[in-house]
Amino acid sequence: MVKLMSMDLISILKDNVSSIVLQGETDHLFEKDQALGQFYPIFLSILRAKPEWIQHLTQQLNPKITELFGGNGALKQQFLNQFAGQVPKDELEQTLNQSIAPTLGFLQTEAGATDPEAVTHLLDTHASSIQQALPLWAGPILASLGLSQNPTQHLHQQPETVTPVQQVIHEDKPSRSWLPLILFLVLAAIALFLYKACSSQKDANAPA
């Protein structure tokens, strides 16, 4: 664990798990390896946000990525469409499915325990490197799952409420809705003053 702290978690994960998943593969080997490299930081981000899934997926014999998207088939297809290459979608999905169990085993080994709290602590420790490894297109996918990409924030916590500064500044400023009325009253007072002045002058010049 101490040795891992100074190393890139994603790189070690790729070296350990990808070789297991792709063992015996001959077709589209490069594309599948590239897809796994992009999948790992997304998968770890989801686990960090939803630590209860660590135990849930571990208990399954053949966990599948469908569960990561809450059964949302359209979102899963959008996710699979992001991977470039000539790998058939069903074959690519099978490769990603096969990586879930060994990834969980790797995380539990590095965390030194199988409980979700230990694995979550490991993921929190490497939050910045996981976020940096995320592909650019992963943002909307994670946002659709309600996940933040802020590495300093525990993803399973709600973000703190931020006071809208612009609204406060706007409320502190004097309202300008009265300016037209004030201007109208000033002009009316000037007009009335001029009218009275003219009337007085006429009265003074009138013959006795």
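Residues numbered from 1 in each chain as written. Predicted model: local features only at pLDDT ≥ 70, side-chain atom pairs only at ≥ 80, totals over all residues. Heavy atoms only, no water.

A. Layout of the overall build of the protein chain. A tally of regular secondary structure across the protein chain gives eleven helices and zero strands. Listing every helix and strand of the protein chain by position from the N terminus yields α-α-α-α-α-α-α-α-α-α-α. Within the protein chain, the fraction of its 208 residues that count as buried is 34%. A separation threshold of at least 6 residues defines the contact pool for the protein chain, and within that pool the share at least 24 residues apart is 70%. (Helix = DSSP H or I, 4+ residues; strand = E, 2+ residues; numbered from the N terminus. Buried < 20%, exposed > 50% of the residue type's maximum accessible area, 1.4 Å probe, protein only. Contact = heavy atoms within 4.5 Å.)

B. Local environment of the packing of aromatic side chains. Taken as a whole and assessed by the stated rule, the structure comprises seven aromatic pairs. Seen in terms of ring centroids, phenylalanine 39 and tyrosine 40 are 6.5 Å apart; in terms of plane orientation they differ by 50 degrees. Their pairing is tilted. Like phenylalanine 39, the residue tyrosine 40 is buried in the burial classification. Aromatic pair phenylalanine 83 and tryptophan 137: ring centres 5.3 Å apart, planes at 75 degrees, arrangement edge-to-face. Placement of phenylalanine 83 in the loop between α5 (73-81) and α6 (89-111) and of tryptophan 137 in the loop between α8 (127-133) and α9 (138-144) is noted, with a sequence separation of 54 residues between them. Take phenylalanine 83 and tryptophan 137: they sit in the same class, and that class is buried. Among the aromatic side chains, those forming a connected cluster through ring pairs are Phe39, Tyr40, Phe43, Phe69, Phe79, Phe83 and Trp137. (Phe/Tyr/Trp six-rings, centres within 6.5 Å; stacked < 30°, edge-to-face > 60°.)

C. Quick look at the confidence of the model for the protein chain. Taken residue by residue, the protein chain gives an average pLDDT of 80. The fraction at 70 or more is 72%. Low confidence marks residues 151-174, where pLDDT is under 50. Its contacts with residues over four positions away, or in another chain, come to 20 contacts. (pLDDT = per-residue confidence, 0-100.)

D. Molecular detail of the packing of α5 against α6. Contact geometry of α5 with α6 gives a least axis separation of 11 Å together with a crossing angle of 95 degrees. With respect to α6, the axis of α5 lies roughly perpendicular. Contact with α5, carried on its side by Lys76, Phe79, Leu80 and Asn81, involves Lys89, Leu92, Glu93 and Leu96 of α6 and no other residues of that element. The residue inventory of the contact of α5 with α6, partitioned by class, reads four nonpolar, one polar and three charged. (Axes fitted to C-alpha atoms, helices over the stretch in contact; angles between N-to-C directions. Parallel < 35°, antiparallel > 145°, perpendicular 65-115°, else oblique. Nonpolar A, V, L, I, M, F, W, Y, C, P; charged D, E, K, R; others polar.)

E. Structural view of the pattern of salt bridges. Counted under the stated rule, the structure contains four salt bridges. Two residues, glutamate 25 and lysine 32, come together in a salt bridge whose shortest N-O distance is 2.8 Å. A residue is classified by how much of its surface remains accessible, and glutamate 25, at 24% relative accessible area, is partly exposed. Of the charged contacts in the structure, one is a salt bridge between glutamate 91 and lysine 32, with a shortest N-O distance of 2.7 Å. Here lysine 32 lies in helix α3 (residues 29-49) and glutamate 91 lies in helix α6, a separation of 59 residues in the sequence. (Salt bridge = Lys/Arg side-chain N within 4 Å of Asp/Glu carboxyl O.)

F. Structural detail: a nonpolar patch on the surface. Together, Ile182, Leu183, Val186, Leu187, Ile190, Phe193 and Leu194 make up an exposed nonpolar region whose accessible area comes to about 700 Å². Tracing the chain through its elements places leucine 183 in helix α11 (residues 179-205). (Patch = residues over 30% accessible without salt bridge, like charges linked within 9 Å, V, L, I, M, F, W, Y side chains within 5 Å. Areas by Shrake-Rupley, 256 points an atom, 1.4 Å probe, with all protein chains shown as cover.)

G. Seen up close, the nonpolar core. Core analysis: the biggest nonpolar cluster contains 45 residues, and Phe39, Leu44, Leu47, Ile65, Leu68, Phe79 and Leu96 have the highest contact counts within it. Sorting the residues of this core by element identifies α2 (9-21), α3, α4 (52-58), α5, α6, α7 (116-125) and α9 as the ones contributing at least two each. Here this core takes ten residues from α3, the largest share from any one element. For phenylalanine 79, the residues in contact, after removing those within four places along its chain, are Phe39, Ile42, Ile65, Phe69, Leu96, Trp137 and Ile141. (Core = buried A, V, L, I, M, F, W, Y, C linked by side-chain atoms within 4.5 Å.)

H. Inspection of the side chain of serine 99 at higher detail. Examined against the element boundaries, serine 99 turns out to sit in helix α6. According to the relative accessible area criterion, serine 99 is buried, its value standing at 0%. Looking at serine 99, its side chain comes within polar contact range of the main-chain oxygen of leucine 96, at 2.7 Å. With residues near it in sequence (within four places) discarded, serine 99 still touches Val17, Val21, Leu36, Phe39 and Tyr40. (Polar contact = N/O pair within 3.5 Å; in protein donor to acceptor, adjacent residues only side chain to side chain.)

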